[in-house]
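Next come the chains, spelled out residue by residue.
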Number of protein chains: 2
Amino acid sequence: MFSNSSKYAIKSVLFLAINSTENKKIMVKDISIPINVPKAYIAKLLQELAKKNMISSVRGPKGGFYLNEENLNRTVLDVVRVIDGEKKLNACMLSLKKCNEEKPCPLHNILSESRNKILKNLKNKRIKDLAYEVTLGNSFLPL
Amino acid sequence: MFSNSSKYAIKSVLFLAINSTENKKIMVKDISIPINVPKAYIAKLLQELAKKNMISSVRGPKGGFYLNEENLNRTVLDVVRVIDGEKKLNACMLSLKKCNEEKPCPLHNILSESRNKILKNLKNKRIKDLAYEVTLGNSFLPL
DNA sequence: TCTTAAATATGATTTTTATCATATTACTTC
DNA sequence: GAAGTAATATGATAAAAATCATATTTAAGA
Ligand code: FES
Ligand code: FES
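Residues numbered from 1 in each chain as written. Chains lettered and ligands numbered in written order. Predicted model: local features only at pLDDT ≥ 70, side-chain atom pairs only at ≥ 80, totals over all residues. Heavy atoms only, no water.

Residue and element names in this part refer to chain B. Here the structure, examined in full by the defined rule, presents 10 salt bridges over all chains. When the shortest N-O distance is used, the salt bridge between Glu70 and Arg74 registers 3.1 Å. Its relative accessible area of 46% is what places Glu70 among the partly exposed residues. (Salt bridge = Lys/Arg side-chain N within 4 Å of Asp/Glu carboxyl O. Buried < 20%, exposed > 50% of the residue type's maximum accessible area, 1.4 Å probe, protein only.)

So this is what it looks like as structure tokens:
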């Protein structure tokens, strides 16, 4: 479904959504451990997310990462797109040239409806929304 | 979702289901081209599928691959399991230790239902069933 | 303005996945 | 039973993904 990198990216963005604010920035080393991702690896991902405006960052002392209001309104799909790219999300599950209704592969009919539903959900859920669910205790964000 | 190898495996099994019988075996070179997968690569996959009894084979002249009745009754999920292994199909989408309802990750609630549906469908569809759909013209198995 | 703390840029290494190549074994047919 | 054909076993290479490492830049505070 997603690459490892995308999963890590989602985890870190959610972690920031829950634990950071503009006045309470968080450093890589303090993200790496709680979300259980190697420091150097997550550092690179965070840089990429920052460059694409999915998260905010300032450097130097007192610096770190955090989410501003714009960042909080991004969707999960936005995050995945930044890391994994557009293509594979709509690709045919049997790797035909393109996935479409007119000439569906044998798996299309039994998969596409569910797949579209997942896509729709990923597109509708803002980071903010997911973070809220965690604070309510409806879902969990550990290792 | 699936690895490239699994996709290729599914394609080749379906191709055999549609085009082969015990009296009409098919050689790698005659599978490779129509399903658009490199010969040496698909050869290796076919060997693995044969070893795990997902397809049938005989070697020597007049040899090749085909599906017997048992093979035709395998499910798509069986094929995927043989190639990709069990684990990743039920893994948490955010790579938590395990995916479960008691301690769901933030994505669990918006994904698991669809995912389970896909799994169920893959488990219920026999190779035979999918091949039949293709012969009816309801789905297509080209490149 | 100097020192220090943090992200950023860049790229090297490792691991996994995908791909390619070939010698060996088994089955047919003559 | 010899010759030829096709799968099988085995392993090498290439490409991509994941992981690690470090020099550079920016900002804060003394
Ligand atoms: S055509 Fe294959 S998944 Fe749509
Ligand atoms: S707990 Fe993450 S997908 Fe189920």
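This part is about the protein's contact with DNA strand D. Around DNA strand D there are 25 residues in total, and Pro38 and Tyr41 of chain A together with Lys44, Ser57 and Pro61 of chain B lie nearest to it. A share of 61% of the atoms of DNA strand D within 4 Å of the protein falls on sugar and phosphate groups. At 2.9 Å, a side-chain N or O of Gln47 of chain B approaches a base nitrogen of DNA strand D. Within the backbone of Gly60 of chain B, an N or O atom sits 3.0 Å from a sugar or linking oxygen of DNA strand D. Those elements giving two or more residues to the surface near DNA strand D turn out to be helix 1 (4-19) and helix 3 (39-51) of chain A together with helix 3 (39-51), strand 1 (56-58) and strand 2 (64-66) of chain B. (Near = heavy atom within 4 Å. Polar contact = N/O pair within 3.5 Å; in protein donor to acceptor, adjacent residues only side chain to side chain. Helix = DSSP H or I, 4+ residues; strand = E, 2+ residues; numbered from the N terminus.)

Residues and elements named next belong to chain A. One pass over the structure, following the stated rule, counts two aromatic pairs over all chains. When the ring of Tyr8 is compared with that of Tyr41, the centres are 5.4 Å apart and the planes differ by 80°; the resulting orientation is edge-to-face. Remark: Tyr41 occurs in helix 3 and Tyr8 occurs in helix 1; sequence separation between them is 33 residues. Among the residues examined, Tyr8 registers a relative accessible area of 15% and is labelled buried. (Phe/Tyr/Trp six-rings, centres within 6.5 Å; stacked < 30°, edge-to-face > 60°.)

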